[in-house]
Amino acid sequence: MGFVVRRFPAALVPLLALVAARLAAQLPEAEDAFARGDYRTARQLYDSVLKLDSLSPRALYRLAVLDSWDGKLDRSLARFATLRRVEPTDPDIMVMHAKVLSWAGRTGWSAALYDSVLAAAPDRVDALAGRARAVAWEGDLVRAEGLWREALERHPDEPEILFGLAQTLYWEGEPALAEGYAVRARQLAPDDRAARDLFDQLRAERQPVLSLSTDVSNDVDHNGYVTLSGELSGSLRPDLRGTLRAIGRRNEDTTETNRSGGLDGWVVKALHNGASLRGGMGVRVLNPASGSSRGFVTAQLGATYRPARFASITADYTHYPFDETATLVDSGFVWDELEVNTELSPHPTLVLGASADGAWLSDGNRRLSGSASAMLAAARGVHVGGYLRLMGYRTTPSPGRGYFSPDRFVLGEARATYDWRRRGWRLRASAGLGAQQVGTGAATQAEWHGDFTLARTWRALDELALVGTYFNSAFAQTASATTQPYRYWSVGLRYRRGL
């Protein structure tokens, strides 16, 4: 059998040499830009390298990392899939691939990939830490704590492992235990921002905190109010925190000005595995302009459970006088309300929420309400989604009595939020546009709202914030017997300081 040997076309040799020369020049330039932190230039140069060699391992790796830092997790994982076919056993690539998988919410795949790395290198720190973190993010905090402790036996002075164990203990509702490991992590890595922030948060939760706030509001019916409140909270024991609050309120409308105020307190007990209980009592006094003052006992009970870092459920019961307007202060109605709220974030870019509540008013009104929301990250700091709320009152049998509210209220709204943070400043703004029906058989009408928070923070807890909201709702007959859109606005100031 004979073989035919074909000669490589000589005309392609200079072209191949030119391509190789350009690759040899561009890749070091890209690496240099990456090392300097000039990621925009580095990305352009790595893209140029891929145009010449679509399977360049270094360019694929760096671009996958840059994509993950920019929040483009799906694109990053696609690059890693290609890269792993080129370099299937490189441990550094496997660890970074596993890290991006966990950021994308694929914690099971992430933990399995970390296991593959540890099978060959059982003492590798980033793989030990990554596996424990992935298990914690998956929701199995007890197993994650065990993995952190096993890793700590191998590396007792590794800041990342100390920090990870402290964070998991904090999620489990053990702030006192967490603080010791956070202190050690900060000592070993004083410049690590995550360790410093966790340490400050743990210290802040145990130190006394003073909070002051004031709000001013009005609506189309000229139902206005001004409130002043102050809270002082502090740790009574490592697992028990108490809060004392004083509040004063001035309500006015077109005919009268009424006041209310009170003092109440509550304690929160942290339990293991992310659960907590809350209970408290107080007194609220209503002072109508006409008539005598009346005092009411207030009460609250609540429980919170976090089965995982990304999930929570809260149940609350409250008993309090209803003093939202001057007329209500005159009436002296009392609410008993039971509310359940859940929040779930199965993916880092998705937040789901739902709530249900029932309220019983002393005048005979009954209210049932439920809501659901979904918000999806669309860009850095930007989330978009939707909100749905259903509510209905059953009024008293006697016409003309009781607190008037619609027998049915339906609201559907598209929402967008923007969150910006930089050097202690924070701006959060949200807006919604939708439709609602106020009352059975009523026409569906448009509504919109907007709100903002502008805050300046320093140290761990200290903050000064300006908040505001404006709400434009459906047409309805107002107190002045005219039919016009219901409008409501409020502005408030918040101050918080750790003592």
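Residues numbered from 1 in each chain as written. Predicted model: local features only at pLDDT ≥ 70, side-chain atom pairs only at ≥ 80, totals over all residues. Heavy atoms only, no water.

K.L.:
Looking at this structure, I do not really get the pairing of strand β3 (residues 240-252). What am I missing?
P.N.:
Regular strands have side chains that alternate between both faces of the sheet. Relative to β3, strand β2 (residues 224-237) runs antiparallel, the two sharing 13 bridges. Bridge pairing in β3 places Glu231 opposite Arg245. In textbook terms, the turn of a hairpin is the stretch between consecutive antiparallel strands, and for β2 and β3 this stretch comprises 2 residues. Sheet topology note: the β3/strand β4 (residues 257-270) ladder contains 13 bridges and is antiparallel. Bridge pairing links Arg250 to Arg259 in β4. (Pairing = 2+ DSSP bridges. Helix = DSSP H or I, 4+ residues; strand = E, 2+ residues; numbered from the N terminus.)

K.L.:
Could you clarify how one ought to interpret helix α8 (residues 141-154) in this entry?
P.N.:
Residue pairs spaced three or four apart in an α-helix point in one direction, given the helix's 3.6 residues per turn. Compared with an ideal rise of 1.5 Å per residue, which puts 14 residues at 20 Å, α8 spans 20 Å between its outermost C-alpha atoms and is within 8% of the ideal. Turning to α8, its buried residues number three or more, namely Leu141, Ala144, Glu145, Leu147, Trp148, Ala151 and Leu152. Taken around the axis of α8, the buried residues stretch over an arc of 160°, which confines them to a single face. Opposite the buried face of α8, by more than 90 degrees, sit the exposed residues Val142 and Glu153. Close packing links the buried residues of α8 with α7 (125-138), α9 (159-171) and α10 (175-188). (Expected span 1.5 Å × (residues − 1). Buried < 20%, exposed > 50% of the residue type's maximum accessible area, 1.4 Å probe, protein only. Arc of directions from axis to C-beta. Contact = heavy atoms within 4.5 Å.)

K.L.:
Is there a simple way to explain the packing of aromatic side chains in this structure?
P.N.:
Ring pairs (aromatic) are described by centroid distance and by the angle formed between their planes. Under the defined criterion, the tally for this structure stands at 5 aromatic pairs. Ring geometry for Phe34 and Tyr39: centres 5.4 Å apart, planes at 65°, overall edge-to-face. Exposure remark for Phe34: the relative accessible area of 11% places this residue in the buried category. Consider the rings of Tyr39 and Trp69, whose centres lie 5.4 Å apart with planes at 70°: the pair is edge-to-face. Placement of the pair is Tyr39 in helix α2 (residues 39-52) and Trp69 in helix α3 (residues 57-69), with a sequence separation of 30 residues. (Phe/Tyr/Trp six-rings, centres within 6.5 Å; stacked < 30°, edge-to-face > 60°.)

K.L.:
When you look at the packing of α9 against helix α11 (residues 193-206) in this model, what are you seeing that I'm missing?
P.N.:
For any two helices packed against each other, one specifies the crossing angle of their axes together with the interaxial distance. Here α9 crosses α11 at 35°, and the two axes come no closer than 10 Å. Our pair here, α9 against α11, has a crossing hand that is left-handed. Where α9 approaches α11, its residues Phe163, Ala166, Gln167 and Tyr170 are matched on the opposing element by Ala194, Ala195, Leu198, Gln201, Leu202 and Glu205. Of the residues belonging to the contact of α9 with α11, the class tally is 7 nonpolar, 2 polar and 1 charged. (Axes fitted to C-alpha atoms, helices over the stretch in contact; angles between N-to-C directions. Left-handed = near helix turned anticlockwise from the far one by under 90°. Nonpolar A, V, L, I, M, F, W, Y, C, P; charged D, E, K, R; others polar.)

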